[in-house]
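What the coordinates show
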Amino acid sequence: LEQVGDDLRLFFNTELEQVDGLASLQSIGGTLAIDLSYSLRNVDGFSGLQNIGEDLHIYDDPLIEDFDGFANLTSVGRYFAIALCGAVTHMDGFAQLTEVGGDLEVDQNDSLENIDGLSGITSVGAGVSISTNAVLLNIDGLSGITTIPGNLRISRDSALTSVHGLANLSSVGGDLDRRLAVAR
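As a starting point, this report considers the structure included with it. Not measured: the values here are computed from a predicted model.

Conventions adopted
- Every chain begins its residue count from 1, and numbering advances along the sequence as written.
- Note on the predicted model: pLDDT of at least 70 is required for a residue's local features to be given, and 80 or more for side-chain atom pairs to be given and counted; whole-chain, interface and lining totals, by contrast, use all residues.
- Side-chain descriptors were evaluated using all non-hydrogen atoms of the structure, hydrogens and water having been removed beforehand.
- Working definition: rings of Phe, Tyr and Trp (its six-membered ring) pair if their centres are within 6.5 Å, and the pair is stacked with planes under 30 degrees apart, edge-to-face with planes over 60 apart, and tilted otherwise.
- Numbering of helices and strands starts at the N terminus; helices are DSSP runs of H or I of at least 4 residues and strands are runs of E of at least 2.
- Here the term buried applies to any residue with accessible area under 20% of the maximum for its type, exposed to any over 50%, and partly exposed to those in between, with areas from a 1.4 Å probe on protein chains only.
- Strands pair, by our definition, only if DSSP identifies at least two bridges between them.
- Think of each axis as a best-fit line through the C-alpha atoms, taken over the contacting stretch in the case of a helix, with angles from 0 to 180 degrees between the N-to-C directions.

Let us look at the packing of aromatic side chains. Evaluated as defined, the whole model comprises six aromatic pairs. Centre to centre, the rings of F80 and F94 are 5.1 Å apart; their planes meet at 75°, and the pair counts as edge-to-face. Residue F80 is found in strand β8 (residues 80–83), and its partner F94 is found in the loop between β8 and β9 (99–100); the two are separated by 14 residues along the sequence. Here the two residues F80 and F94 agree in accessibility, since each one is buried. One aromatic cluster is present, built from ring pairs that chain together F46, F67, F70, F80 and F94.

A few words on the sheet that holds strand β2 (residues 8–11). The seven strands lie next to each other as β2-β4-β6-β8-β10-β12-β14, forming an open sheet whose pairing is parallel. In this open sheet, the two strands that pair with only one neighbour each are β2 and β14 (152–155). The sheet shows a mean angle of 5° between the axes of neighbouring strands, direction not considered.

Printed below as a string of structure tokens:
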């Protein structure tokens, strides 16, 4: 399988441990959703994936430790969301990602220490939310973004010590969340 014209949804597959059978997949025209797969430990089977036409949605997959399987992904057409992935510590697997056509959200990932793997992103089409990542120390992974057309929300990241990742940001078209706080 090299292409999916519309959506690929892996939803509530509680015993799914791996997705290695999808290694030849290069393109998804719609959404890739990996949600509520409580036994999935990695996404290595997506190693050939280069672009997603609409959304990348990875939600409540508590055993995924990294996203190294997305090493060849360069663009997400609309919405990029990683939430409630309690074992993930970094975003290094997204090092080739340069464009997100809509919102970029990284929320509620309890073990996430850094988002440096997102530093290749130079274009975001809407807002950015980095929120409620309990051990996130910095947002250096946002350093490639110069303009955010929508809202910027950096909130409830209780261990955050630096916002230097925003140094290259020249404009935010929407709201800048007032709960922006840096740990002391």
